[in-house]
Amino acid sequence: MKMGFRFDLLVFAVVLLSTPVLSDLVLTRVDRRVDLTSHIVRIASSLKVENTGKDSVSEVLLVFPERQAKNLAYLTAVSSPGKGKAKASAVNLPVENVNSEGMPPALVAYSVSLPEGGLGKGESFTFEVLAVFTHSLLPFPEKITQADTQLLVFEDSAYFLSPYAVKVQSLTVKLPHPRVESYTKLENTKIQGSEIKYGPYEDLAPFSYSPIVVHFESNQPFVVAQELVREIEVSHWGNVQVTENYNLVHGGSQIKGEFSRLDYQARPHIRGASAFRNLVAKLPPRAHSVYYRDAIGNISTSHLWGDSRKTELEIEPRYPMFGGWRTAFTIGYGLPLQDFLFESEGKRFLNISFGSPINEIIIDTLIVKVVLPEGSRDISVSAPFPVKQLQETKVSHLDVIGRPVIVLEKSKVVPEHDQYFQVYYKFNSISMLREPMMLISGFFLLFVACIVYVHADLSISKSSASYLAKVQWEEVQSVIQQVDNLINRCLMIHDKLDASLRDLSRTGDVQACKAARKHADGQLKELSKELKPLLSTLQTSPQAAQILPKVEELVVKERELQDKLMVKHTTVVECYEKKVSGREIENRIALQQNKITALRQEVDDLLDFIDEL
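Worth saying up front: this structure is predicted, and the values here are computed from it rather than measured. (Residues numbered from 1 in each chain as written. Predicted model: local features only at pLDDT ≥ 70, side-chain atom pairs only at ≥ 80, totals over all residues. Heavy atoms only, no water.)

1. Section: the sheet that holds strand E24 (residues 326-336)
Backbone hydrogen bonds are what pair the strands of a sheet, in a parallel or an antiparallel way. If you walk across this open sheet you meet the seven strands as E21-E24-E18-E17-E27-E30-E29, and the pairing is mixed. Strands at the two margins of the open sheet, each flanked by one partner only, are strand E21 (288-293) and strand E29 (388-394). Between one strand and the next, the sheet's axes are offset by a mean angle of 15 degrees, whatever the strand orientation. The pairing of strand E27 (residues 362-371) with strand E30 (residues 403-413) spans eight bridges and is antiparallel. By the bridge assignment, Lys369 is partnered in E30 with Val407. (Pairing = 2+ DSSP bridges. Helix = DSSP H or I, 4+ residues; strand = E, 2+ residues; numbered from the N terminus. Axes fitted to C-alpha atoms, helices over the stretch in contact; angles between N-to-C directions.)

2. Describing the side chain of Ser274
Note on placement: Ser274 falls in the loop between helix H3 (261-266) and strand E20 (279-283). Look past the residues within four positions of Ser274 in its chain and what remains in contact with it is Ile144, Asp148, Gln150, Asn219, His250, Met321 and Phe322. (Contact = heavy atoms within 4.5 Å.)

3. Section: unusual backbone geometry
Between Phe140 and the following residue, Pro141, the backbone shows a cis peptide bond with an omega angle of 10 degrees. Tracing the chain through its elements places Pro141 in the loop between strand E9 (138-139) and strand E10 (143-144). Cis rather than trans, the peptide bond between Gly199 and Pro200 has omega equal to 10 degrees. Structurally, Pro200 is set in strand E15 (residues 195-204). Of note, Asp203 is a non-glycine position whose phi angle comes to about 50 degrees, a positive value. Relative to the assigned elements, Asp203 resides in strand E15. Positive phi outside glycine occurs at Glu360, with the angle close to 45 degrees. Following the sequence through the fold, Glu360 ends up in the loop between strand E26 (347-353) and E27.

4. Section: the pattern of salt bridges
Applying the stated criterion to the full structure yields 26 salt bridges. With its nearest N and O atoms 3.7 Å apart, the salt bridge here joins Glu392 to Lys369. You can see Glu392 sitting in strand E29 and its partner Lys369 sitting in strand E27, a full 23 residues away along the chain. Looking at Glu392, the relative accessible area reads 37%, which means it is partly exposed. (Salt bridge = Lys/Arg side-chain N within 4 Å of Asp/Glu carboxyl O. Buried < 20%, exposed > 50% of the residue type's maximum accessible area, 1.4 Å probe, protein only.)

5. Looking at the pairing of strand E8 (residues 124-133)
Sheet topology note: the strand E2 (residues 41-51)/E8 ladder contains 10 bridges and is antiparallel. The partner of Lys48 across the bridge, within E8, is Thr126. Sheet analysis places strand E4 (residues 72-79) next to E8, joined by seven bridges and oriented antiparallel. Residue pairing across strands places Ala77 opposite Val129, the latter belonging to E8.

6. What to know about the sheet that holds E20
Read from one edge of the open sheet, three strands run E20-E23-E22, paired in antiparallel fashion. Whereas interior strands pair on both sides, the edge strands pair on one side only; in this sheet they are E20 and strand E22 (302-306). Mean inter-strand twist for the sheet, computed between neighbouring axes without regard to direction, equals 15 degrees.

7. Concerning helix H6 (residues 510-540)
With 31 residues, H6 extends 46 Å between its outermost C-alpha atoms, agreeing within 8% with the 45 Å of an ideal straight helix rising 1.5 Å per residue. Where H6 is concerned, the buried positions are Val510, Cys513, Arg517, Ala520, Leu524, Leu527, Ser528, Leu531, Leu534, Leu535 and Leu538. Taken together, the buried residues of H6 touch helix H5 (465-507) and helix H7 (548-577). Among the residues of H6, the N-terminal cap falls to Asp509, whose side-chain oxygen and the backbone nitrogen of Gln511 are separated by 3.3 Å. (Expected span 1.5 Å × (residues − 1). Polar contact = N/O pair within 3.5 Å; in protein donor to acceptor, adjacent residues only side chain to side chain.)

8. Some remarks on a positive patch on the surface
On the surface, a cluster of positive charge is made up of Lys525, Lys529, Lys532 and Arg559. Following the sequence through the fold, Lys532 ends up in helix H6. (Patch = residues over 30% accessible without salt bridge, like charges linked within 9 Å, V, L, I, M, F, W, Y side chains within 5 Å. Areas by Shrake-Rupley, 256 points an atom, 1.4 Å probe, with all protein chains shown as cover. Lys, Arg positive; Asp, Glu negative; His and termini not counted. Charge placed at Lys NZ, Arg CZ, Asp CG, Glu CD.)

9. Topic: the nonpolar core
In this structure, Leu36, Phe64, Phe127 and Tyr198 are the most contacted members of the largest nonpolar core, which totals 55 residues. With residues up to four places along the chain from it excluded, the contact list for Tyr198 reads Ala158, Ser170, Leu171, Val173, Tyr183, Thr184, Leu186, Asn188, Thr189 and Ile212. (Core = buried A, V, L, I, M, F, W, Y, C linked by side-chain atoms within 4.5 Å.)

10. Comments concerning the UniProt feature "transmembrane region" (unreviewed entry) in the protein chain
With numbering aligned to this structure, UniProt lists the feature "transmembrane region" (unreviewed entry) at residues 437-456. Helix and strand shares over residues 437-456 are 95% and 0% respectively, and the end C-alpha atoms of the span are 28 Å apart. (UniProt positions renumbered as here; feature names shortened; annotations may be inferred.)

11. Digging into the packing of aromatic side chains
Enumeration over the complete set of coordinates arrives at 16 aromatic pairs. Between Tyr159 and Tyr201 the ring centres are 5.1 Å apart and the planes differ by 75 degrees, which places this aromatic pair in the edge-to-face class. Of this pair, Tyr159 sits in the loop between strand E11 (151-157) and strand E12 (165-174) while Tyr201 sits in strand E15; the two residues are 42 residues apart in sequence, bridging distant segments of the chain. The exposure class of Tyr159 is partly exposed, given its relative accessible area of 21%. Seen from their ring centres, Tyr319 and Trp325 are 6.1 Å apart, and the 70 degrees between their planes marks the pair as edge-to-face. Under the relative-accessibility criterion, Tyr319 is labelled partly exposed at 29%. Feature note: the residues Phe259, Tyr264, Tyr319, Phe322 and Trp325 constitute an aromatic cluster, connected by ring pairs. Its end group placed over the ring of Tyr183, Lys185 keeps NZ or CZ at 4.3 Å from the ring centre. A cation over an aromatic ring shows up here: Lys550 above the ring of Phe609, its NZ or CZ 5.1 Å from the ring centre. (Phe/Tyr/Trp six-rings, centres within 6.5 Å; stacked < 30°, edge-to-face > 60°. Lys NZ or Arg CZ within 6 Å of the ring centre and 35° of its normal.)

12. Structural notes on the environment of Leu439
Within the fold, Leu439 resides in helix H4 (residues 434-455). Classification of Leu439 by relative accessible area gives partly exposed; the value is 42%. Here the alpha-carbon distance between Leu439 and Gly297, two residues 142 residues apart in the chain, equals 32 Å.

13. As for a negative patch on the surface
Together, Asp605, Asp608, Asp611 and Glu612 make up a region of like negative charge exposed at the surface. Topologically, Asp605 is positioned in helix H8 (residues 582-612).

14. Quick word on the environment of Val26
Note that Val26 resides in strand E1 (residues 25-35). When the C-alpha positions of Val26 and Ala205 are compared, they lie 10.0 Å apart, and in sequence the two are 179 residues distant. Those residues in contact with Val26 that sit more than four places away from it in its chain are Lys48, Val49, Glu50, Thr52, Ala165 and Lys167.

15. Comments concerning the side chain of Lys557
With respect to the helices and strands, the residue Lys557 is situated in helix H7. If we skip the residues at most four places from it in the chain, Lys557 touches Leu599, Glu602, Val603 and Leu606.

16. Some remarks on the packing of H6 against H7
Put simply, H6 and H7 touch, their axes get as near as 12 Å, and they point 170 degrees apart. Comparing the axis directions of H6 and H7 gives the class roughly antiparallel. Handedness of the H6/H7 crossing: left-handed. Residues Val510, Cys513, Lys514, Arg517, Asp521, Leu524, Ser528, Leu531, Leu535, Leu538 and Gln539 of H6 touch H7, and the partners they reach there are Leu548, Val551, Glu552, Val555, Arg559, Gln562, Met566, His569, Thr570, Val573, Tyr576 and Glu577. (Parallel < 35°, antiparallel > 145°, perpendicular 65-115°, else oblique. Left-handed = near helix turned anticlockwise from the far one by under 90°.)

Next up, the structure:
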């Protein structure tokens, strides 16, 4: 791993050295702080940029190595509030991915738009950047025993990678605790407690890059949800029901060897230091009807407490989660409707959080389904970040046309994405009476049906049309059963032909194989004769009008399968007579065998379909 990493850095450095300067901007000061206290890497940077050129500048470029950008989950920039009389409220600055001219392919660029008016000649501007990365900490070693602690590797640059010159810059790496296996030592490097400090470094050229590697201990929960499906169902009768289905894995160093429950229970902090035993979910205030269960059933090892400001749910999986271990469970809870549903400009809108309530969790794929009441229309979504949006329909109890479902999907989700989003829609309040009226009407019709049933004579006459139709349908079913049996007998003959070819490959007896072929031909002809009158019966029966096309298709497919089998049989026998090698025979019949397999599958599917009827 180290040799590969050094080679990548060498190639990366060569690319950077050949990259031209992109503008007259200069970063007069850069202070970076890397937080490695959890498995989510957060890099907070304070940048002071100055325009040394003649023209006004409206944007600042941020660049990341491609291998680092693929794990970038969240990126935001805000203007610095300043100090003293110049103090002002922080403003979010728009950030978007761009393809900048002159940028090397090994880098991914993002544009930060400066406030209106841009940055004039000689002016400076300070802003803060937060970049959050997933799966950037690599377990090393990748596999450990139950008693080992977990060690992670972090790779970055001591210099701030930028297309602009940097006058002064520093870097601080915050670790979970002071134990460090190893770290890259450069000029002006020192370690203080659980922090490693690099710099300050002065007068750095554009695209300066100095790789560093930190190998440190971290037993923080490595919680990764490979998929989380959140369903938020809105009921105008006063409740918002939230159901969260988790597919969870411990993303850290995988455990090797056997797991000892006895050792773990005796010394859990030593014989299970790398595992996590519980998770904490911070639910919205006034959450009620909370449950926690998995595929087996309800899990009682959970604790719930809360007040007017928050509700916390502490859950414990059925077993401690070591590296590579997986679990799946469901959390559900109800919320008061008035806390999350509002009205504005003739529309109602749901205002609710997007991400997971579980602390410090990485979500590879998050799917949020918002189920609106039946009859909702003019639906729109407002989210603070880009999401993939779909719409589907869910049919539940007492629904007529189904409830509209807004599906929002996003990958690489981190706690910073747990922001509020809004779903706007129009809804007629009269539609709320639909379900009560359906219940009333249903019970009324049930009582009327009972009265009619008690007083009506429902005996069936043998001369009635319904009785005759029933008899005709039973006759059709009998004929279809006979067709089914004949087709199955044909398939058995096909299997015997295949068996004769296997015997031929084993014994080389061509004459026996030809005899089997001749016998099979005779049997198939007899079955074909038996099949014709049955098909004629179905074709003349009005009761068989719906099933007849499937039966005819079955017969055609079986005949086509029969022809392909005969061709294959002839080819193999001729090859054996000519003493062709086994591999050459397989090559010659490969295409035929694929068609035979596909036809056999189609025949089996049609038989299953007819059997169900």
